[in-house]
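Below are the chains, spelled out letter by letter.
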Amino acid sequence: MDQEQDLTKEQIIRSFDVLLEVMIGYGFTYRDYKKLLNKIKIHDKEMEVASSLQQTMLKPQIPQFDSIQIGAISVPAQKVSGDYFNLIDHRDGTMSFAVADVIGKGIPAALAMSMIKFGMDSYGHSQLPSDGLKRLNRVVEKNVNQNMFVTMFYGLYEEMNHLLYCSSAGHEPGYIYRAETETFEEMGVRGRVLGVSQQTRYKQQEIPIYLDDLVIIFTDGVTEVRNEAGDFLDKQHLLDMIHKYKHMHPQDIVQLLYEAILKIQNPDKRDDLTILIIKRVN
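The present account deals with the structure reproduced in this document. Predicted model only: the values in this text are computed from it and were never measured. (Residues numbered from 1 in each chain as written. Predicted model: local features only at pLDDT ≥ 70, side-chain atom pairs only at ≥ 80, totals over all residues. Heavy atoms only, no water.)

## Observations regarding the sheet that holds strand S10 (residues 273-280)
Worth spelling out the cut-off: Only when DSSP finds a minimum of two bridges between them are two strands counted as paired. Helix and strand labels come from DSSP, where a helix needs a run of H or I of at least four residues and a strand needs a run of E of at least two; each type is numbered from the N terminus. Here, axes are lines fitted to C-alpha atoms. For helices the fit covers the stretch in contact, and angles between N-to-C directions go from 0 to 180 degrees.
Across the sheet, which stays open at both edges, the five strands sit in the order S1-S10-S9-S6-S7 with antiparallel pairing between neighbours. The open sheet has two edge strands, strand S1 (68-75) and strand S7 (183-186), and neither has a second partner. Ignoring strand direction, the axes of neighbouring strands in this sheet form an average angle of 15°. As paired strands, S1 and S10 are joined by eight bridges and run antiparallel to one another. By the bridge assignment, Gly71 is partnered in S10 with Ile277.

## Regarding the environment of Lys117
The cut-off we apply is this: The rule is simple: take the accessible area with a 1.4 Å probe, protein chains only, and divide by the maximum for that residue type; under 20% is buried, over 50% is exposed, in between is partly exposed.
Along the polypeptide, Lys117 turns up in helix H3 (residues 106-121). A residue is classified by how much of its surface remains accessible, and Lys117, at 12% relative accessible area, is buried. The spatial distance from the C-alpha of Lys117 to the C-alpha of Leu136 is 9.5 Å, given a sequence separation of 19 residues.

## Re the pairing of strand S4 (residues 149-158)
Burial of S4 is extensive: nine of the 10 residues sit out of reach of the surface. Examined bridge by bridge, strand S3 (residues 94-103) and S4 share 10 bridges and lie antiparallel to one another. Bridge pairing in S4 links Asp101 to Thr151. With seven bridges connecting them, S4 and strand S5 (residues 163-169) associate as antiparallel partners. From the neighbouring strand, Phe153 faces S5, where its bridge partner is Ser168. From the end of S4 to the start of S5, which pair antiparallel, there are four residues, and His162 there has a positive phi angle of about 55°.

## Let's talk about the packing of aromatic side chains
Applicable threshold: Any two rings among Phe, Tyr and Trp, with Trp reduced to its six-membered ring, count as a pair given centres within 6.5 Å; such a pair is stacked if its planes are under 30 degrees apart, edge-to-face if over 60, and tilted if neither.
With the rule as written, the count across this model stands at three aromatic pairs. Taken together, a centroid distance of 5.0 Å and an interplanar angle of 50° make the contact between Tyr177 and Phe184 tilted. The exposure class assigned to Tyr177 is buried, which follows from its relative accessible area of 2%.

## Things to note about the nonpolar core
Nonpolar side chains in soluble globular proteins tend to be buried together. Note the following rule: By convention a nonpolar core is built from buried Ala, Val, Leu, Ile, Met, Phe, Trp, Tyr and Cys residues, the set being connected through side-chain atoms within 4.5 Å. In this analysis, two residues are considered to be in contact whenever any of their non-hydrogen atoms come within 4.5 Å of each other.
Counting residues in each nonpolar core, the largest one holds 24 residues, and the members touching the most others are Ile216, Phe218, Val222, Leu238, Leu257, Ile275 and Ile277. Breaking this core down by element, the ones donating at least two residues are S1, strand S6 (175-178), strand S9 (214-218), helix H6 (235-244), helix H7 (250-264) and S10. With six residues, H7 is the single largest residue contributor to this core. For Ile216, the residues in contact, after removing those within four places along its chain, are Gly174, Tyr175, Tyr177, Phe184, Ile242, Leu276 and Ile277. Ranked by size, the runner-up nonpolar core spans 22 residues in total, among them Ala72, Phe85, Leu164 and Cys166.

## Some points on unusual backbone geometry
The phi dihedral of Arg91 falls on the positive side, at around 65°, and the residue is not glycine. The backbone of Asp212 shows a phi angle near 70°, a positive value even though the residue is not glycine. By secondary structure assignment, the location of Asp212 is in the loop between strand S8 (205-208) and S9.

## Observations regarding H7
For the record, the criterion: Residue count minus one, scaled by 1.5 Å, sets the expected span of a helix. Arc definition: directions from the helix axis to the C-beta atoms.
End to end, H7 covers 21 Å across 15 residues, agreeing with the expected 21 Å (1.5 Å per residue, within 8%). Residues Pro250, Ile253, Val254, Leu257, Tyr258, Ala260 and Ile261 constitute the buried set of H7. What you see down the axis of H7 is that its buried residues fit within an arc of 165°, all on one side. Elements that come into contact with the buried residues of H7 comprise S1, helix H5 (220-223), H6 and S10.

## Quick notes on the packing of H6 against H7
Put simply, the test is: By convention, the crossing between two helices is left-handed when the near helix turns anticlockwise from the far helix through less than a right angle, and right-handed when the turn is clockwise. Each residue gets one of three labels, nonpolar for Ala, Val, Leu, Ile, Met, Phe, Trp, Tyr, Cys and Pro, charged for Asp, Glu, Lys and Arg, and polar for the others, Gly among them.
Between H6 and H7, whose axes approach to 11 Å, the crossing angle comes to 145°. Relative to H7, H6 is oriented so that their crossing is right-handed. Each of His237, Leu238, Met241 and Ile242 in H6 lies in contact with H7, whose residues at this interface are Leu257, Ala260 and Ile264. Looking at the contact of H6 with H7 residue by residue, the classes come out as six nonpolar, one polar and no charged.

Set out below in structure tokens:
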């Protein structure tokens, strides 16, 4: 989902000064002009509220485990992000995690993310991803604007048996890097985006995770990066970079990936970007 580079508030207001004479020439009054300026200021305040909400209520904590390492980065293209990720240590040897992309912006998108977070956090114990998406789909369908949808990858990692259970609601496919063969496997699980129908059910995949394997999840802000020429980033190039840094801690990997994407992408075609990598180390 590409986004044009936004003008600053000061640039917008200066442009309205020029527009004022044109508006008067077409019969608009100064009162009409002031109404437009007030709308700009209200919009700016809404963005501040939504940004504050994300930075306080929605900021996730990365749990610590003996057998896995976790790295995550989420960078908004604008003041308010449409991306979201969450990780929950259930204190029973399992961890739920999710990466989501809200198709919508501003306060409504931030509120939708809040519902998703509290929907995950409030369950109290681990649940299979297919069940988790079914519950969250009902929450989104009932409480979120009908024109707003959510894509989500939902995973449950079981530390004792080193199994990953996963389901997807219209999200970018995840990957498993296999250390033994040095190859990448695309996860085959697919499903409908959240918020379309309460009757939607989600398929689930069970994947064994071996020593030094990587679980890789990202949003379309990564896969739809464009360079200065307007060409999309080759997904294989992204996977090659992950392979190059596979020996590192996942937090270092995601940071290096982000820095490499910054050098490649056209700054006028930025989107929200989120990368989550989980590595088995014991």
